[in-house]
Every structure is written in C-alpha cells, then in structure tokens.
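Examining the three-dimensional arrangement
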Amino acid sequence: MRVLVIGSGAREHALLLALARDPGVDKLMCAPGNAGIARIAETHAVDVASGDAVVALAKAVLADLVVIGPEVPLVLGVADAVRAAGLACFGPSAAAARIEGSKAFAKDVMAAAGVRTAHSEVVDNPAELDAALDRFGPTWVVKDDGLAAGKGVVVTPDRGTARDHAAECLENGHPVLLESFLDGPEVSLFCLVDGETVVPLLPAQDHKRVGEGDTGPNTGGMGAYTPVPWLPGETVSQIVEEVVKPVAAELVKRGCPFTGLLYAGLAIGSGGPAVVEFNCRFGDPETQAVLALLESPLGEVLNATATGALSSIPPLQWRDGSAVTVVLAAENYPSTPRTGDAITGADGDGILHAGTALVDERVVSAGGRVLSVVGVGADLSGAREDAYEKISGIKLPGSHFRRDIGLAAVEGRIALP
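Residues numbered from 1 in each chain as written. Predicted model: local features only at pLDDT ≥ 70, side-chain atom pairs only at ≥ 80, totals over all residues. Heavy atoms only, no water.

What to know about the pattern of salt bridges
Definition in use: By definition here, a salt bridge exists when the distance from a side-chain nitrogen of Lys or Arg to a carboxyl oxygen of Asp or Glu is within 4 Å. Comment: elements are numbered from the N terminus, with helices defined as DSSP H or I runs of at least four residues and strands as E runs of at least two. Partly exposed describes any residue whose relative accessible area lies between the buried limit of under 20% and the exposed limit of over 50%, with all areas from a 1.4 Å probe on protein chains only and scaled to the type maximum.
Summed over all chains, the structure comprises 21 salt bridges. Of the charged contacts, one joins Arg-281 and Glu-100 as a salt bridge, the two residues approaching to 2.8 Å between their closest N and O atoms. Placement of the pair is Arg-281 in the loop between β17 (272–279) and α10 (286–292) and Glu-100 in helix α5 (residues 94–101), with a sequence separation of 181 residues. Residue classification places Arg-281 among the buried residues on the basis of a relative accessible area of 10%. One salt bridge connects Asp-130 with Arg-163, and the closest N-O pair in it is separated by 2.8 Å. Within this pair, whereas Asp-130 is found in helix α7 (residues 129–134), its partner Arg-163 is found in helix α8 (residues 159–171), the two being separated by 33 residues in sequence. In this structure Asp-130 comes out as partly exposed when scored by relative accessible area, which is 30%. On the accessibility criterion, Arg-163 (29% relative accessible area) is partly exposed.

With respect to helix α6 (residues 103–113)
Spacing of three or four residues puts side chains on the same side of an α-helix, whose turn is 3.6 residues. Our working definition: We call two residues contacting when some pair of their heavy atoms lies within 4.5 Å.
Along α6, the residues that are buried comprise Lys-103, Phe-105, Ala-106, Lys-107, Val-109 and Met-110. Buried positions along α6 lie against α5, β6 (120–123), β7 (140–144), β9 (176–179), α9 (233–253) and β17. Just downstream of α6, Gly-114 is the residue with a positive phi angle, here 70°.

Comments concerning the side chain of Asn-218
So the rule is basically this: Throughout this description, a polar contact denotes any pair of N or O atoms lying within 3.5 Å of each other; where both atoms belong to protein, one of them has to be capable of donating a hydrogen while the other can accept it, and for residues adjacent in sequence the pair is counted only when both atoms sit in side chains.
Tracing the backbone through its elements, the reader meets Asn-218 in strand β14 (residues 215–218). Within polar-contact distance, the side chain of Asn-218 engages the backbone oxygen of Val-153 at 2.9 Å.

Considering the pairing of β9
Keep this limit in mind: Here, strands pair whenever DSSP counts at least two bridges between them.
On β9, burial covers both faces: Val-176 and Leu-178 on one face and Leu-177 and Glu-179 on the other are all buried. With 4 bridges joining them, β6 and β9 adopt antiparallel strand pairing. In the strand pairing of β9, Ser-120 is matched with Glu-179. Across 4 bridges, the pairing between β7 and β9 is antiparallel. When the bridges of β9 are listed, Asp-144 appears paired with Val-176.

Just geometry here; none of it tells us what the structure is for.
What follows is the structure in structure tokens.
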C-alpha cells in the first residue's frame, strides 16, 4: 500500500513512523512534511487547504490511501474532494468535521445525543457580552467558536481576563462560547470511527499550559503521556458507550457520518465523564505517545476505517509499558516564536519533528512547537526518564520545555473526585 500523509507536524511524523512499521505499507509520502519527515518519507509541496491540489498530488504519486492530519483541511472539505476522486481517505467530511470546526454545532449534537457536557451560551453580539459573563463564573471558560490551533480557550478566575479574550474573539468576527467550569482531571480519548463503529485507542493526558504546574497561557500542547494510571478501565468503556457511540450515531442520523479519528477531550468529575471538546483528527501531542505503543499494523487499521471495514479488524494490540511526549518549544512560544535557529541533536530515535526546516543542509527551527521527544519505559516513571534523557542532548537557542510532564500522575497527585 502506498500512503500519502497530509500535514507537517510531529503528529504526522508519528503517523509515518507507525506506518513504517506496517509490513503492508511499502511507500510513504508526506505533503508538505518537515526536515525530520524527509528522512523517512518522500516529501512534496502542496497547499493542504486545497482539495484540488491534494487530489492532483495523490493521483500523481499513485496513493492508495490519503491520511489527512490537520483540522483545517478537514473542516474545509479536502477529504470530500479526495473521496469524490475515488481515492480512499482517512478523515471526516466537512459536514462531520464541524464537530471541531464549530463548538456550537458540537454542543447541538451532544444535546441531541444526550451526552453530558458543560452548560454553555453562544455570544455573537458585543452588547450582550457583559450580561452573559454575569451568568457564569467564578471560573470563566471562554472559547473561540472556531479553529484556533488549540489556543482559543481561556480558563480563568479573573472576569477581566475572560472579558478581554471574549471581546478579542468578537472583534475578529468570531462568536464566543461561554461555558460552566467542569471539575475533575482531564483525559483525551481517541477513537477510530466508521459510521457507528467505534474502536478506542489508549487514553492519554495532555498538558496545555506553557508553564510547569499548569501555569501560564494555553498552548497547542506541551506534552502528554499514556496510558493514564489514575483512570479505571471501566471509565474508558463508559466514555465509549455514553459519549462517543451516541455522538457517532447522531452524526449518522444527521446524514453526516464520521469517518476517521474522533478525539474526545473530557473532564472526569464528580458526576462522571463530561465532554470538554471534540476534535475531528488525531491530537498533538497525545498521538506521539499513543502511537509509540501501538503494535497493530497502522496502515491496515487506517485503511479499514477509510473503506468502511473497521468492524472487521482484529482487536488492537499494544506493547506493555508507558510513553511520554515532551514538546521542545521555540523562544517566546506561545507568542510569536523565534525561528531560523540551528538545531543540533535532533536526529535520534524518539525525536519527532514539528516546526523544522532544512536550510543549507542544516536543520533549523521553523515554528513554535519545534520537536516532540518521545520516551518509552516499563512504567510512566521510566518513560519520563527516557524522554528527558533524550531531550537533554538537543540544543536550540532560547528553547524551553516543561519538566513535569506526567509527574503528577507518577507521584499519585491526580485522583478522581
């Protein structure tokens, strides 16, 4: 099978590394890719937001399967264009991708499916903002009702901070979603979905804040670990049965069945799991950790999902132990990152590229989240040691990373209410 992966981040690097382990995959291609991906796959320039451009490339390289990594091309309907051209595609239609592209749509789907989530209110008029803010708090959750690369959410006890974020979204022409605050630790559960067939992957926990101890602004994700030692196995089954399957069935009922990876972000509170958000694709940085433990052939699994045969695959197989992803970020991230600096020590096993480029035979930084470093071990403590040993050998001027990824779980400081 010849597989074309669309995207340029560490998520796509992780997908390609896992695909390379599948004996049924004999050709790997990526567009546009990055400096690290270019070592393991044939890379091509493409406008990922253009269905016509992606279709033309897929045909030119004789791809048997197209895997779309980022959310933007999915929301814009690139998967529809690929399927309309008669090619197998892993990724939802534009109609189904609204589960991420519009938080208001996701709320409507959850309400119809009877899925527990935060009370919410959409504000699209600045004149109504203050009265709406008064109906929430003392912890405010303000979300940009659109795609914001993981950085459109502000959770704060400060009303002024909440108001500033909401006002900025409205000024940019985006409605905002105000939500009640959900208690309990958060978990990410990725599920392969083919209509009403749902196959969960390992649960993971993401670390969104830039600073240690979960301080500072939200980012696209500074690290993750899997599996989640504080989450009972029966809770994963509960999430599948009470959250993901009802939402998948509701999308089928609405005529926009989901095909691809449905990502549920949940708070596990005193009342049970409640949805914080849905994403329409593999999450970053959780994917890097989750796929490091996958033993089943990924190409076979993704192709079965894309072709309506997910129900026929055998149960997924996972290696024992744990995996941890630590993100190395550029100076000044998550604000405007410094780029163009040379990186050394970034070519070992478990070092996945995200914001990198090759300039004059040198690997340089080209984005905010530059590398994802993945450690594996017999347990979470061992996986952390492996990841931090690897990251200690990488040099990038001004770079920073969190030193506490997975630490609270190792120390038993996370508990269900």
